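Read off the chains here:
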Amino acid sequence: MPYDPVLVQPMRDELSRIGVEELTTPEAVDAFMEAPGTKLLVVNSVCGCAAGQARPGVALALRHATKPDRVGTVFAGQDLEATERARSYFADYPPSSPSFALLSGKDVVHFVPRHAIEGTPAEAVGLELVNAFD
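Note that the structure is predicted; figures quoted are calculated from it, not measured.

Peer 1: I keep staring at the packing of aromatic side chains and nothing clicks. Help me out?
Peer 2: Any aromatic ring pair is given by two values, namely how distant the centres are and how the planes are angled relative to each other. Under the defined criterion, the tally for this structure stands at two aromatic pairs. Here the aromatic rings of phenylalanine 90 and phenylalanine 111 are separated by 5.4 Å at their centres, their planes lie at 45°, and the arrangement is tilted. Of this pair, phenylalanine 90 sits in the loop between α4 (80-88) and β4 (99-104) while phenylalanine 111 sits in strand β5 (residues 107-112), placing them 21 residues apart in sequence. Accessibility assignment for this pair places phenylalanine 90 and phenylalanine 111 in one class, buried. Here the aromatic rings of tyrosine 93 and phenylalanine 111 are separated by 4.4 Å at their centres, their planes lie at 15°, and the arrangement is stacked.

The following block contains the structure:
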């Protein structure tokens, strides 16, 4: 059963406010993935590490001069089908939320799972993404 949309909305807004595209359906995920260029796909969640490290880390990384052509997000626990479809594009990695997949076309070039986010300062999470962008 998905999380209450009212509960999740502020967590969605943190990313959409900085220009991250919400991918709420499998079709939206497919369209995002079909686009050429580099992409960052954020698997968002309600957990504390998403609030304290993942979303702030993304916000910091997106201030960098070098960044992906597109940035999108699915919300685990809310956009169930979209999250499942997104994870199908990086099926070699165990499901993890929050997590980040940096892709060139449809190829994963860098993946950051929850265990690398949890307990890591937001600045370090952002720096890991910046280093991957470069």
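Peer 1: Hey, could you run me through the packing of helix α2 (residues 26-34) against α4 in this one?
Peer 2: Any two packed helices are characterised by how steeply their axes cross, that is the angle between the axes, and by the distance between the axes. For the pair α2 and α4, the least separation of the axes is 7 Å and the interaxial angle reads 30°. At the point where α2 passes α4, the crossing takes the right-handed sense. Facing Pro26, Val29 and Asp30 of α2, the residues of α4 in contact are Glu81, Ala82, Arg85 and Ala86. For the contact of α2 with α4, a count of residues per class yields four nonpolar, no polar and three charged.

Peer 1: Quick question: what am I supposed to make of the pairing of strand β2 (residues 38-44) here?
Peer 2: In regular strands, side chains alternate between the two faces of the sheet. Of all the seven residues making up β2, six are buried; the element is thus mostly covered by neighbouring parts of the structure. Pairing of β2 with β4 involves six bridges; the strand directions are antiparallel. Directly across from leucine 41, in β4, lies its bridge partner alanine 101. Judged from the six bridges that link them, β2 and strand β3 (residues 70-75) form a sheet pairing that is parallel. Residue pairing across strands places lysine 39 opposite arginine 70, the latter belonging to β3. The β-α-β motif built from β2, the intervening helix α3 (residues 48-61) and the parallel element β3 has right-handed crossover chirality.

Peer 1: Help me out: how do you make sense of the pattern of salt bridges in this one?
Peer 2: When charged atoms on two side chains of opposite charge get close, those side chains can pair. Applying the stated criterion to the full structure yields seven salt bridges. The partner of arginine 12 in a salt bridge is glutamate 22, and the shortest N-O contact between them spans 2.5 Å. Placement of arginine 12 in helix α1 (residues 5-16) and of glutamate 22 in strand β1 (residues 21-22) is noted, with a sequence separation of ten residues between them. Relative accessible area serves as the criterion here: at 10%, arginine 12 is assigned to the buried category. Judged by relative accessible area, which is 30%, glutamate 22 ranks as partly exposed.

Peer 1: Looking at this model, I keep getting lost on the side chain of arginine 12. Mind explaining?
Peer 2: Here aspartate 79 takes part through its side chain, which lies 2.6 Å from a polar atom of the side chain of arginine 12. Among all residues touching arginine 12, those that are not within four sequence positions of it are Glu22, Thr24, Asn44, Phe75, Gln78 and Asp79.

Reading guide: rules and limits
- Residues numbered from 1 in each chain as written.
- Predicted model: local features only at pLDDT ≥ 70, side-chain atom pairs only at ≥ 80, totals over all residues.
- Heavy atoms only, no water.
- Phe/Tyr/Trp six-rings, centres within 6.5 Å; stacked < 30°, edge-to-face > 60°.
- Helix = DSSP H or I, 4+ residues; strand = E, 2+ residues; numbered from the N terminus.
- Buried < 20%, exposed > 50% of the residue type's maximum accessible area, 1.4 Å probe, protein only.
- Axes fitted to C-alpha atoms, helices over the stretch in contact; angles between N-to-C directions.
- Left-handed = near helix turned anticlockwise from the far one by under 90°.
- Contact = heavy atoms within 4.5 Å.
- Nonpolar A, V, L, I, M, F, W, Y, C, P; charged D, E, K, R; others polar.
- Pairing = 2+ DSSP bridges.
- Right-handed = clockwise from strand over helix to strand, strands pointing away.
- Salt bridge = Lys/Arg side-chain N within 4 Å of Asp/Glu carboxyl O.
- Polar contact = N/O pair within 3.5 Å; in protein donor to acceptor, adjacent residues only side chain to side chain.

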